[in-house]
Amino acid sequence: MAGMNRRDFFKMVGVTGAASVAGCDARVPAENVIPYMVQPEEITPGIPTLYASICGECAVGCGVLAKTREGRVILHEPNPDSPVGGSGLCAGGVTSVQETYNPDRLQGPVDGGETTDWGAVLGKVGAAVKGAGAGGVRWLGRYRTGALSQLIGDFVGQSKGSAVHWEPLGYASLSAATKLAFGADILPRYAFDDAHTIVTFGAEFLHTWLNPAGHAESFKNARDPFRGDYIAKFYAVSSRLGNSSARADTFWSVKPGSEADVARALAKLVAEKKGRKDIASSAFLKGADASAAGVDAAKLEALADELAAKPSVVFPGGADAAGANATDLALATLVLNDVCGNIGKTVMLGSGQNFGPVHSFTDVEKLLADCAAGKVKVLFLDGLDPAFSLPADANVADALAKVGTLVVLANSAPEGVPESAIILPPGSSSEAWGDSASHKGAYGLQQPAMQPLYDTRSVGDVLLAVAAAASLQDPTPAEEDEEEGKGGKGKAGKGGKGKAGKAGRRRGAIGADKDEDEEAPPPPQLGGQPAIASFAAADFQRYVAGRWHSKLFTGSGDFGKWWRECLQRGGFFPGVPETTPKLRANKLAAAGATQSISGDYALILFPHSLLYDGRHAHKSWAQEVPEPISGYTWNTWAEISTATAAKLGVDDKGSLRISSDQGALELGVFINPAARDDVVGVVMGNGHKAGNRFSKDRGFNPVSLIKKGVDARSGDFAWLGTSVTLAKGASENPMEQLKGSEDMDHRPIALESYVDDVLEHPTGEMSALAAIHRIPEDARLVEKGIHDMYPEPEHPTYRFALSVNLDNCTGCGVCEIACIAENNIAITGPFQHQMHRYMSWIRLSRFFVGEGENPDMRFIPMMCQHCAHAPCEGVCPVVATYHNLDGLNAMIYNRCVGTRYCANNCPYSARRFNYHTFRWPGAYTLQLNPAVSTREMGVMEKCSFCIQRIRDAKDEFRGETVPDEVLEHLPACAQACPTDAFTFGNRKDEKSKVAIESASPRSYIVLSDLNTKPGVQYMTKINFHRTGGGHGDSHGDPEGHGDADAPSGGDHH
Amino acid sequence: MRVPHRVDPQTQSSIPRTLGRALAAVSLLTMMGACETFQWASDDSDEPFPRSDHDLIPPDDVDRVAISRFPTPVDEQPIEFNHSIHAGAIEDGGMEMDCQYCHYVARESIHAGVPASQVCQGCHKMIATTGRPELVKLKEYWDAGEPIPWMKVHDLPDFVHFDHSAHVGAGVVCQECHGAIENETVAVKPVQESFLEPGMMEMGWCLNCHKNHPSVEENHGTDASLRRAELKDCYTCHK
């Protein structure tokens, strides 16, 4: 043994030990390598193939690029060629890939609890539809646009039934308000890049409301100091500081239910200032007074001045204001937008947001009543979970039980669905054809990125098959025109007439369009079948193509070529000139009375920024990533103010017992310093009784505390209106707040700058506007170059760096989810979370810095800072982590022996240790990225700046340096962020965006006095108020006078 | 046969450390004969957050044992594909087919890939199968619509990123790493005898070329030393 070194000795011991147990095959098992039978031309094994498609999680249909490896989708990236939804994705979009791999979803059709085959079950449904008679066929489903909306409309129309399109946190009140105000059957589309002032009355427009990804992009532009000479100021006026309001510069806390008063008062003031007497004296604005709401008159006047002077945007309320006067609030904001001159500039109606037909809860109630009365022979339930979303007194389960044939179009049975139901799983949007018509001029095209994993059929295909089985006839042109005339929502405008024509539908039809006096040309062929938007279409792909041919294809050339271009691009985006309908002042009836909620505490149900209304609860990523404000996961919590907590004697280790006249819940507590004392908030999203392993029986459904109610003007569901009593709960809070330190403790972590300083000093010395701890340096040492014991290491070609813009960060958590999706990060679950063993490489920390009107909530995404002088590197006994030539802190998993000294040393707490070998259940293993390894127990991991993507980029640009445009959004977080808060690049290149940002006055290093020389720098949040003195809390020092109290080593207070 | 529990330093404190290590090594070496089978930790559990503490679950009476990380030797393939007939020199009775005729993915991708069945059928559709059982098997796979389940011979660990196209592009000939495979018959991988043997695709052996291969000078000229430094960077190959 002499002369053998330690490594060889252990190897020998290892292999001989193994050899002696070799008889039982203790080695890694031999693997297969399976070739194709016939290799598809566009797939090269090992190289990802991207398909342009749309996200199917909501009706917007943001463009996505589905990244596939060897025929399976592994990631959804934003599609830069699609103008729908901005250049990033919302939380729904980044989690959408988990819909395909849901380990518990149905793998084929089910009838009466038994698996069945499609032929039989579609025949059965078709027969039921055929025999249903007038009014017997109903549709209750989520919002649909484009081809599917047309197909549903034609289907129910031709079977003499009707459809109700509704979502629990839907837009019926906004739709009603838009109709009242402008006579337009559309939803407003908020594209507010040019707004100088942003006002919200509670809508979570940056997270889940209407078109969050699109709003986030506008927000980014509105806050960009280099885009104009201003930064948009953001006001939130609501009864609860929600996720989007948390980002506001000024927060006016108002009594719940009184938002409409404030909006009306504001509208009246602005109308008067702008000389719009007809509006100011309308019945709607009469008597508008904000004082009861608790808003200072002088401040309201000042805001009105701001709104009158420059373009702005005003958002209505969300669930927190969805009470008895939700429509009044929405109407007031539309009037306000109009008098401010925003229509056509920041609020679009000509190219309004198209979600198809928008019905109200009253329509749902009527339908449920018909079901309960036995009038509904066939009910199609499309993508909704009404028994979960609605309170017990809506009697959903009873109604569903009395339906003749209940056909559920969902990937698993929703709550309250009787055993006898037929469940037809549609699969995911990655496995099916479709389209979206999100607004005029922007039409997204959905194509499958993989073969369906199971025996599923999309909703469109099911409808076509059932229509055939029920022998439904296509609507005649006259009927079709009538349908189109009724609003045409979901149909992409009438551009098709007189041009290529509705070929295939019009041939020989009676009452043919008078514009066409010759026979329409035959429909184009797609894969040997005609592309026609009719029941005769071979499948939904041909239906969509046929509709696009008749409505969007304006050329006379080769349709196939145009279709392929649309497929590659992800849609067809011709744009459309904006129109500005006139506000109908004379139609604005008097507003309703202010809603007042009696009792001590008003209950506010609010959407979870990741689970939304519960539709994402079955996706493990949405549950695992902490909700950004509370930091809680996997459960439901109640939010109360500091005073309420003190009064009741609860803290966040305990629970709160909430009782209403409908029921009681005991929930873990979250104390929000910005919460009102007369309000208790309960998050929606969990509490499913039916769901998969991640959603079933997890958390509590707050709907059990309320009863049904409506906003009379629109029939929209009233979420607000319940009062509750509170008491200290007996149980412990099972959740932990996974968001880092509670406060910054005078450490320069999430800093801010004052807006005037930022605008006056757009360039200057780095960190001039950030209150970092400035360590005095001795000029003599600096001169000799010996002031720093740790010289900058050599980076010959690249110094990869990240610049994070805290002003853009809205605390949405999309970066975390994108990172988890790209890097095979494990889901640990609620029990591991109790021990803070949470694997996400990015920690979205949240600090409450201010209070009152300036809550100044700061979100800072924290990941490995890739320090050039890293505290973690020197302490690794096996050199598993080191600083590489490109500036990354490299972590080599297979070398790590798990001493955890590196994590101990990291001042940013950026490292994550695998205390177990976490695994992925069922089909989730198919989502794993083959370019990244999965880590085993005993191994440390952390952000790698997506080294696999860097490696691929360097391979692509072999022999050159990777250009900055490619690097800018290279890591998964930078690519997915909807507000573009991350800029990646090569800091050695002085012209790169990251170098410019990192050298700017707003840019600073977190904990800079530790001299870690990180590759990640942060740009300060921009505040509209000057905070007082104090280190780490005050704004920076643009004049360079120096901070007299700057600590030199110790922290002086 | 029992594996002794780890030597407790306190009870053995009187024994010098090197001797203690030798004792441990010897006791491992004396394990002979049949033993309990190790199983893989299951990930099909119903538990929503499956995790395991060992990749392989040892039988109850076995303590943590150092286990070889190398793949099980491959003794046979589903079809005895003979490289020397296809790729061998003409004077040896081969057809001198180019490696990349079948392994076409190698020039584009990280994988070298095995050819799609369609590629085999390009010739073998017209070749008689009578009296040739391996060709009969080939036909049967094609007729059944089943891909041939080849056993992977060169299997690098999952945490290694090896890019074929980079090496093919740099002018590294297939035989440099894979040996004179055109002279071999059925591709199999024997039991790994030594970590130190060249050509066994060990990391040290890969680094040898990354440090010394002349193609770096040829391709990069004045930047060669920088390129060599980059090739030695762990992140180049470890993912």
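Residues numbered from 1 in each chain as written. Chains lettered and ligands numbered in written order. Predicted model: local features only at pLDDT ≥ 70, side-chain atom pairs only at ≥ 80, totals over all residues. Heavy atoms only, no water.

Student: Help me understand the pattern of salt bridges, please; the structure alone is not making it clear to me.
Tutor: Oppositely charged side chains may form a pair once their charged atoms are brought near each other. Residues and elements named next belong to chain A. The final tally for this structure, using the stated rule, is 56 salt bridges over all chains. Residues Glu-666 and Arg-657 are paired through a salt bridge, measuring 3.3 Å at the closest nitrogen-oxygen approach. A residue is classified by how much of its surface remains accessible, and Glu-666, at 22% relative accessible area, is partly exposed. (Salt bridge = Lys/Arg side-chain N within 4 Å of Asp/Glu carboxyl O. Buried < 20%, exposed > 50% of the residue type's maximum accessible area, 1.4 Å probe, protein only.)

Student: Any chance you could explain helix 17 (residues 540–551) of chain A here in plain terms?
Tutor: Think of an α-helix as turning once every 3.6 residues; residues three or four places apart then point the same way. All names here are of chain A. In this model, helix 17 (12 residues) spans 16 Å end to end at C-alpha, consistent with the 16 Å of a helix rising 1.5 Å per residue. In terms of burial, helix 17 is a largely internal element, 12 of the 12 residues being buried. When we look at burial in helix 17, the residues that qualify are Phe-540, Gln-541, Arg-542, Tyr-543, Val-544, Ala-545, Gly-546, Arg-547, Trp-548, His-549, Ser-550 and Lys-551. Here helix 17 starts with a cap whose side-chain oxygen sits 3.2 Å from the backbone nitrogen of Gln-541, and that cap is Asp-539. (Helix = DSSP H or I, 4+ residues; strand = E, 2+ residues; numbered from the N terminus. Expected span 1.5 Å × (residues − 1). Polar contact = N/O pair within 3.5 Å; in protein donor to acceptor, adjacent residues only side chain to side chain.)

Student: Hey, could you run me through the confidence of the model for chain A in this one?
Tutor: When pLDDT is low, close inspection of the predicted coordinates is not appropriate. For chain A, mean pLDDT is 90; residues scoring 70 or higher make up 91% of the total. In the model, residues 483–517 of chain A has pLDDT below 50 throughout and makes 79 contacts with residues more than four positions away in sequence or in other chains. (pLDDT = per-residue confidence, 0-100. Contact = heavy atoms within 4.5 Å.)

Student: Just checking my understanding: could you explain helix 5 (residues 146–158) of chain A for this structure?
Tutor: Residue and element names in this part refer to chain A. Its 13 residues place the ends of helix 5 18 Å apart at the C-alpha level, agreeing with the 18 Å of an ideal helix rising 1.5 Å per residue. Burial analysis of helix 5 places 11 of its 13 residues in the buried class, which makes it a mostly covered element. Within helix 5, the full set of buried residues consists of Gly-146, Ala-147, Leu-148, Ser-149, Gln-150, Leu-151, Ile-152, Asp-154, Phe-155, Val-156 and Gln-158. Looking one or two places after helix 5, you find Lys-160, whose phi comes out positive at around 60°.

Student: Honestly, the pairing of strand 18 (residues 434–439) of chain A in this entry has me stumped. Any pointers?
Tutor: As a general feature of sheets, a regular strand has side chains that alternate between the two faces. Residues and elements named next belong to chain A. The element strand 18 is extensively covered by neighbouring structure, given that 6 of its 6 residues are classed as buried. Where strand 18 meets strand 19 (residues 442–446), 4 bridges bridge the pair, whose relative direction is antiparallel. For His-439, the partnering residue across the bridge sits in strand 19 and is Ala-442. (Pairing = 2+ DSSP bridges.)

Student: Is there a simple way to explain the nonpolar core in this structure?
Tutor: Most often, soluble globular proteins have nonpolar side chains that are buried together. Residue and element names in this part refer to chain A. Core analysis: the largest hydrophobic core is formed by 255 residues, its most contacted members being Ile-198, Leu-656, Ile-658, Val-680, Ile-860, Phe-982 and Tyr-1018. Considering each element in turn, this core owes the most residues, 9 residues, to helix 8 (residues 259–273). The residues contacting Ile-198, other than those within four sequence positions of it, are Phe-192, Phe-205, Phe-219, Ala-222, Ala-232, Lys-233, Phe-234, Tyr-235, Val-313 and Phe-315. In this structure, Phe-380, Ala-437, Val-459 and Val-462 belong to the second largest nonpolar core, which totals 52 residues. (Core = buried A, V, L, I, M, F, W, Y, C linked by side-chain atoms within 4.5 Å.)

Student: Just checking my understanding: could you explain the environment of Pro-734 of chain A for this structure?
Tutor: Residue and element names in this part refer to chain A. Within the secondary structure layout, Pro-734 lies in the loop between strand 30 (723–732) and strand 31 (752–754). It is 57 Å that separates the C-alpha atoms of Pro-734 and Lys-561, two residues lying 173 residues apart in sequence. Ignoring anything within four residues of it in the chain, the contact list for Pro-734 reads Asn-635 and Gln-834.

Student: What is the right way to read empty space enclosed by the protein from this model?
Tutor: In this approach the atoms are scanned with a rolling probe the size of a water molecule, which exposes any empty space left behind. All names here are of chain A. Roughly 330 Å³ of volume is contained in the second largest cavity. Lining of the second largest cavity is provided by 29 residues; of these, Trp-209, Gly-317, Gly-318, Ala-319 and Ala-322 occupy positions nearest its centre. A total of 3 residues in the lining of the second largest cavity trace back to one element, the largest contributor, which is helix 11 (residues 326–339). A class-by-class count of the residues in the lining of the second largest cavity yields 18 nonpolar, 7 polar and 4 charged. (1 Å grid on protein atoms, 1.4 Å probe; cavity = no way out; pocket = protein on both sides within 12 Å on 5 of 7 lines; lining within 4 Å. Points joined across faces, edges and corners; volume = space filled by probe spheres on them. Nonpolar A, V, L, I, M, F, W, Y, C, P; charged D, E, K, R; others polar.)

Student: Teacher, can you tell me more about the sheet that holds strand 11 (residues 233–238) of chain A here?
Tutor: Paired through their backbone hydrogen bonds, the strands of a sheet run either parallel or antiparallel. All names here are of chain A. Reading across the sheet, the 4 strands line up as 12-11-10-13 and stay open at both edges, with parallel pairing between neighbours. Of all the strands in the sheet, the pair left with one neighbour each is strand 12 (250–253) and strand 13 (312–315). Here the strands of the sheet are splayed against their neighbours by 10° on average, with no regard to which way each runs. Bridge count between strand 10 (residues 197–200) and strand 13: 4 bridges; the pairing is parallel. Its bridge partner being in strand 13, Thr-197 is matched across the sheet by Ser-312. In this fold helix 10 (residues 297–309) packs onto strand 10, strand 11, strand 12 and strand 13, with an angle of close to 130° to the strand it touches most, strand 10. (Axes fitted to C-alpha atoms, helices over the stretch in contact; angles between N-to-C directions.)

Student: Mind showing me how you'd approach the packing of helix 8 of chain A against helix 10 of chain A here?
Tutor: Working note: a packed helix pair is described by the angle between its axes plus the distance between those axes. Residue and element names in this part refer to chain A. Running from N to C, helix 8 and helix 10 cross one another at 55°; their axes reach a closest spacing of 9 Å. By the angle between their axes, helix 8 is oblique relative to helix 10. Judged by the sense of rotation from one axis to the other, the crossing of helix 8 with helix 10 is right-handed. Across the interface between the two elements, Val-262, Ala-265, Leu-266, Leu-269, Val-270 and Lys-273 from helix 8 touch Leu-300, Glu-301, Leu-303, Ala-304, Asp-305, Leu-307 and Ala-308 from helix 10. Split into classes, the residues belonging to the contact of helix 8 with helix 10 amount to 10 nonpolar, no polar and 3 charged. (Parallel < 35°, antiparallel > 145°, perpendicular 65-115°, else oblique. Left-handed = near helix turned anticlockwise from the far one by under 90°.)

Student: Any chance you could explain the sheet that holds strand 6 (residues 114–115) of chain A here in plain terms?
Tutor: Residue and element names in this part refer to chain A. Taken in spatial order, the 7 strands line up as 6-5-17-16-15-7-8 in an open sheet, and their pairing is mixed. The open sheet terminates on both sides in strands that have one partner only, identified here as strand 6 and strand 8 (162–165). The sheet contact formed by strand 7 (residues 137–141) and strand 8 spans 4 bridges and is parallel. In the sheet register, Leu-140 faces strand 8, and the bridge partner there is Val-164. Sitting on the sheet, helix 4 (residues 118–130) touches strand 5 (110–111), strand 7, strand 15 (378–382), strand 16 (405–409) and strand 17 (422–423), and the angle it makes with strand 15 is about 125°.

Student: Mind showing me how you'd approach unusual backbone geometry here?
Tutor: Note: most residues except glycine have negative phi, and most peptide bonds are trans. Residues and elements named next belong to chain A. Although it is not a glycine, Glu-70 adopts a positive phi angle of roughly 50°. Topologically, Glu-70 is positioned in the loop between strand 3 (63–69) and strand 4 (72–78). Of note in this structure, Leu-210 is not a glycine but carries a positive phi near 65°. One can find Leu-210 in the loop between strand 10 and helix 7 (212–222).

Student: Is there a simple way to think about the environment of Asn-929 of chain A in this case?
Tutor: Residue and element names in this part refer to chain A. By the secondary structure assignment, Asn-929 is in the loop between strand 38 (917–918) and strand 39 (940–941). In this structure the C-alpha to C-alpha distance between Asn-929 and Gln-529, which are 400 residues apart in sequence, comes to 36 Å. Sequence-distant contacts of Asn-929, that is, excluding residues within four places in its chain, are made with Ile-74, Glu-822, Asn-824 and Gln-948. Polar contacts involving the side chain of Asn-929 include one to the main-chain amide nitrogen of Ala-931, which spans 3.0 Å.

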